[in-house]
Structure formats: structure tokens, C-alpha cells
Amino acid sequence: MITKEQIVDALKTVKDPEIGRDLVTLNMIGDIAVREGSVAINIKLTIKGCPMKRTIEDDIKAAVGNLECVKSVNISFGEMSPEEKQQLTASLKQGDNDKADVFNNVNVIAVGSGKGGVGKSTVAVNLAVALQQKGMNTGILDADVLGFSVSTLLGIQGKKPVALDNETIMPIQVNNLKALSMGNLITSDKALIWRAPVIRGVLDQFFYSVRWGDLDYLVIDLPPGTGDVPLTIMQQLPKAQLLLVTTPQSAAAQVSARLAKMAQQMDISIMGVVENMSYFQCPECEHKYYIFGQGQSEKIAEELNVELFAQIPLSIDIRENSDTGTPIALKGDDPSAAYYHDLADKVIKHTKKV
Ligand SMILES: Nc1ncnc2c1ncn2[C@@H]1O[C@H](COP(=O)(O)OP(=O)(O)OP(=O)(O)O)[C@@H](O)[C@H]1O
Ligand SMILES: [Mg+2]
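Residues numbered from 1 in each chain as written. Chains lettered and ligands numbered in written order. Predicted model: local features only at pLDDT ≥ 70, side-chain atom pairs only at ≥ 80, totals over all residues.

It is worth spelling out the overall build of the protein at this point. Of regular secondary structure, the protein possesses 11 helices and 15 strands. The C-alpha atoms of the protein give 23 Å as radius of gyration, which agrees with the globular expectation for 354 residues (20 Å, within 12%). Its C-alpha atoms put the protein at 75 × 50 × 40 Å along the principal axes. In the protein, which comprises 354 residues, the proportion classed as buried is 40%. In the protein, once contacts between residues fewer than 6 apart in sequence are set aside, the share between residues at least 24 apart is 76%. (Helix = DSSP H or I, 4+ residues; strand = E, 2+ residues; numbered from the N terminus. Rg over C-alpha atoms; globule rule 2.2 N^0.38 Å. Buried ≥ 20, exposed ≤ 12 C-beta atoms within 10 Å, placed from the backbone. Contact = placed C-beta atoms within 7 Å.)

Okay, here's the thing in C-alpha cells:
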């Protein structure tokens, strides 16, 4: 004989794929009926017509169907009442992002550079994937509101987050990672012509309304440069550690380093330097071509009194996997993935615990 308690226990193992918490905690379980091994469960969705309905159904069938004596599982869907939604929203806010101590219990790694196009976003996304693969609960926030690219790099361009209200936006779950980018909030590729105050408003919402849940790491992909926007972001993240991305070319490396100088003036600690596009290795003869020169990033790391964490070559694999939205770091056995996994080890080692 199967009891309702056993069914509820099984349902505790099923997570809402978008909110990332179990269905019982989220109060999504409606009526449960059991008759001679046939189980009927009503699930109260947060939003009627939730796109993840099928996943929830499959996961419940797998969890409950596995119990002894269960012959069939029938699932019907309803919607939470406005009061239930309100309760859920309140419980999701609890203990989470309080404006006064935002990101207090999470290690924030800001990936940035004073220069554009050096590979910040590629590094940020692959680092986040590698941290997650090492068992760290990781989120990635694309703070480059105008030049967003994290959604494309993760293959979630256009995928909308669940928003229970204006202050309760759930990040998108992808490869066990939590992510949010402007590319998830707007539909068209139309250029965004926003002045700094509007961008700040969007960033405020990113910082205070996204319910990341318990994270070990939040990787932030900064916009390029040392202008008003990166400055504002860094002011809001006094406990963040900066990972500076450079390329080896002398002039480029100097411009990249300006962001670190800015961080120093703001008392934001610099974690380390990542040199990207370090060389190209010929696939036939294995000769390394130092297209942009050598030695600059070492010099900058020394000046900043931090380690040069990684020298990542120019690689067709890295570029192709970025374009297809499947970050190379997901492919643990690929030689190019190793650069990001080693980088994640360095980041973990140098994390100042919050
Ligand atoms: N190691 C690498 N090998 C090959 N291509 C790379 C590498 N790193 C980055 N790229 C490519 O270089 C381009 C710029 O990379 P990315 O968008 O990550 O730079 P960014 O610094 O974030 O740029 P922006 O300043 O515009 O935000 C992309 O086309 C990316 O695929
Ligand atoms: Mg970028």
C-alpha cells in the first residue's frame, strides 16, 4: 500500500526547473488521490501554460512511478491562486537580495577589461561553466546591458526568464548554471539607445530583483572600458574580486589594465590576470605563433602584484563553440576546455571568502 506521505516525499525530490526549488517547498502540490496503485496528482503551476510543464510531468512520473506498488501516475495541472503566488513570491524574497547587503553571501567575480573585444565574455562564460562543473553553485550575470552576449554564448538567446513580479525574476537555468542577460529580456536585435540613467535602472533590476538563490559564485561579465557604466557597477560591488582580461599586445594590454587601476582606486581587490589570444598553435607542426607579442601581461600582473592565472591561445574550437552557444568548457576532454578548468581552480584558490 502506498501512502500520500510517501508520494509527498518523492515529490520533494522534484524541482521546478525554472525556480530551482522542490515542488513541495514551493507549495505547488494540489490534491493527491491514490487508488489501488493508481496515483493522481494535481500540480499548481505558478503561471498557467508554463513552458516547462512537460519537464515537470516527466520528472514527477519518474520520481513517483519508481515507488513500490505504484502502477500508474496521472498528472493534472492547475494554477496557483493570487494569494498562493503572493506567498511564494514573499518566500523567494526572504533572505535573498536585500538591497543593503546585496550579494553578501556569494563570491562575486567581476570579469572585465579596460579594452573591448579582448574576450571578457568568452572568459566569463567558460569560467562560470568550469566553476559549476567543479561542483560550485554558479550564476552568471551579463552586466553589459548594451553589448550583451552571454545569452548567445550560452545558447539561451531570446529565452525569457520567469518573473513572478517586477522584483522577483528567476534566472534561466542552463547546463546547471543560472544565467541572465539582456538577451533574455528583449526580443529584437534593434540597437538599444539608452543613456546612463536608463542603463543604471536596468542594472538595478539585475542586481536587486533577480533571485539567484544560494550561490557559491556569481560571475559578472562587465561592459568594456572604464567609463561611467563599469564604474557604477563596480561601486555597487565593493566585495567583488576583479579578474582582468588582457591580450599580449603592448598597447592593448596597457588599455586593459586601466580598469584594474580604476578598481584599485575604489578599493576593489584584483584577483588575477587572464591573458587571452596569447598565441596560435599550428595544428600541423605545433609551432606557437605569438601573433600579438609576448611579455606584456606578465608585466601587468607584476605591476598589480597579482598572478597571471592563464594564457589562453587563439583557438578555432573556442570561437566555434562560442558561436554555437555550447561553451568549450562543457567539453571536459577537449584540450581547450582545460584552460578554463585550470583558471577555475586558480579562481577557487584565490577567492577571499565572503
Ligand atoms: N581564445 C579565443 N580564441 C578564438 N577566438 C576567441 C577567443 N576568445 C575570444 N574569441 C573571440 O573573440 C571575439 C571577442 O570575444 P568576446 O566577445 O568574448 O570579447 P569581449 O571582450 O567580451 O568583447 P566586448 O568588449 O565587445 O564585450 C568573439 O568573436 C570571440 O568568439
Ligand atoms: Mg563582452
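Taken together, the buried positions of helix α10 (residues 316-323) are occupied by Ile318, Asn321 and Ser322. Angularly, the buried residues of α10 cover 105 degrees about the axis, an arc narrow enough to put them on a single face. For α10, exposure combined with an orientation more than 90 degrees from the buried face picks out Ile316, Glu320 and Asp323. Packing partners of the buried residues in α10 comprise α4 (120-133), α5 (150-153) and α11 (335-349). With its phi angle positive at about 75 degrees, glycine 325 sits one or two positions after the end of α10. (Arc of directions from axis to C-beta.)

Our next topic: the site of ligand 1. What surrounds ligand 1 is a group of 19 residues, the closest being Gly116, Gly119, Ser121, Thr122 and Pro224. Elements represented by at least two residues in the shell around ligand 1 include exactly α4 and α10. A per-class count over the shell around ligand 1 returns six nonpolar, 10 polar and three charged. (Near = placed C-beta within 6 Å. Nonpolar A, V, L, I, M, F, W, Y, C, P; charged D, E, K, R; others polar.)

With mixed pairing, three strands are arranged side by side in an open sheet as β1-β2-β3. Every other strand in the sheet has two partners, leaving β1 (29-35) and β3 (72-79) as the edge strands with one partner each. For this sheet the average axis-to-axis angle between neighbouring strands, irrespective of direction, equals 15 degrees. Note: strand β2 (residues 38-45) against β3, eight bridges, orientation parallel. Directly across from leucine 45, in β3, lies its bridge partner glutamate 79. Packing of helix α1 (residues 4-11) onto the sheet brings it into contact with β1 and β2, and relative to β1 it is tilted by some 135 degrees. Contacts from helix α2 (residues 53-65) reach β2 and β3 within the one sheet, and its direction differs from that of β3 by about 145 degrees. (Pairing = 2+ DSSP bridges. Axes fitted to C-alpha atoms, helices over the stretch in contact; angles between N-to-C directions.)

By domain assignment, the protein separates into domain 1 (4-93) and domain 2 (101-349). Using C-alpha coordinates to define each centre, domain 1 is positioned 36 Å away from domain 2. Facing the 11 residues of domain 1 at the interface are eight residues of domain 2. When the residues that make up the side of domain 1 that touches domain 2 are grouped by side-chain class, the tally is five nonpolar, three polar and three charged. (Domains from an automatic or database assignment.)

For β1 and β2, the ladder comprises five bridges, and the chain directions are antiparallel. By the bridge assignment for β2, isoleucine 32 is matched with isoleucine 41. The antiparallel hairpin formed by β1 and β2 contains two residues in its connecting segment, where glutamate 36 sits at a positive phi of about 45 degrees.

With that out of the way, let us pick up the environment of leucine 154. With respect to the helices, strands and loops of the structure, leucine 154 is situated in the loop between α5 and β6 (163-165). The class of leucine 154 is buried, set by 27 C-beta atoms lying within 10 Å. Residues leucine 154 and leucine 215, spaced 61 residues apart in sequence, show a C-alpha to C-alpha distance of 19 Å. With residues near it in sequence (within four places) discarded, leucine 154 still touches Val125, Val174, Ala179, Gly325 and Pro327.

Our next topic: the packing of α4 against α11. Two elements in contact, α4 and α11, have axes separated by 8 Å at closest approach and are oriented at 75 degrees. The orientation of α4 with respect to α11, classified from their angle, is roughly perpendicular. Of the residues in α11, those touching α4 at Asn126, Leu127, Ala130 and Leu131 are Tyr340, His341, Leu343, Ala344 and Val347. (Parallel < 35°, antiparallel > 145°, perpendicular 65-115°, else oblique.)

Moving on to the confidence of the model for the protein. Residues of the protein with pLDDT of at least 70 account for 96%, and the chain-wide mean is 89. Per-element mean pLDDT across the protein ranges from 80 in β6 up to 98 in α4. (pLDDT = per-residue confidence, 0-100.)

Judged by nonpolar contacts, the single largest core of 95 residues is most densely connected at Ile109, Ala110, Val111, Leu127 and Ile220. Here the element with the most residues in this core is α4; it accounts for eight residues. If sequence neighbours within four positions are ignored, alanine 110 has contacts with Ile220, Leu222, Met234, Leu237, Ala240, Leu242 and Leu243. (Core = buried A, V, L, I, M, F, W, Y, C linked by C-beta atoms within 7 Å.)

Note on helix geometry: an α-helix contains 3.6 residues per turn, so any two residues three or four positions apart are oriented the same way. Where α1 is concerned, the buried positions are Ile7, Ala10 and Leu11. For α1, the angular spread of buried residues about the axis comes to 100 degrees, placing them on one side. Those residues of α1 hidden inside the fold are in contact with β1, β2 and α2.

Moving on, we come to the sheet that holds strand β11 (residues 241-246). Backbone hydrogen bonds hold the strands of a sheet together, and the pairing may be parallel or antiparallel. Reading across from one edge, β8-β9-β5-β10-β4-β11-β12-β15 is the order of the eight strands in this open sheet, with mixed pairing throughout. On the outer flanks of this sheet lie β8 (172-174) and β15 (307-312), each paired with one strand and no other. Across the sheet, the axes of successive neighbouring strands diverge by a mean angle of 25 degrees, strand direction being ignored. By the bridge criterion, four bridges tie strand β4 (residues 107-112) to β11 in an arrangement that is parallel.

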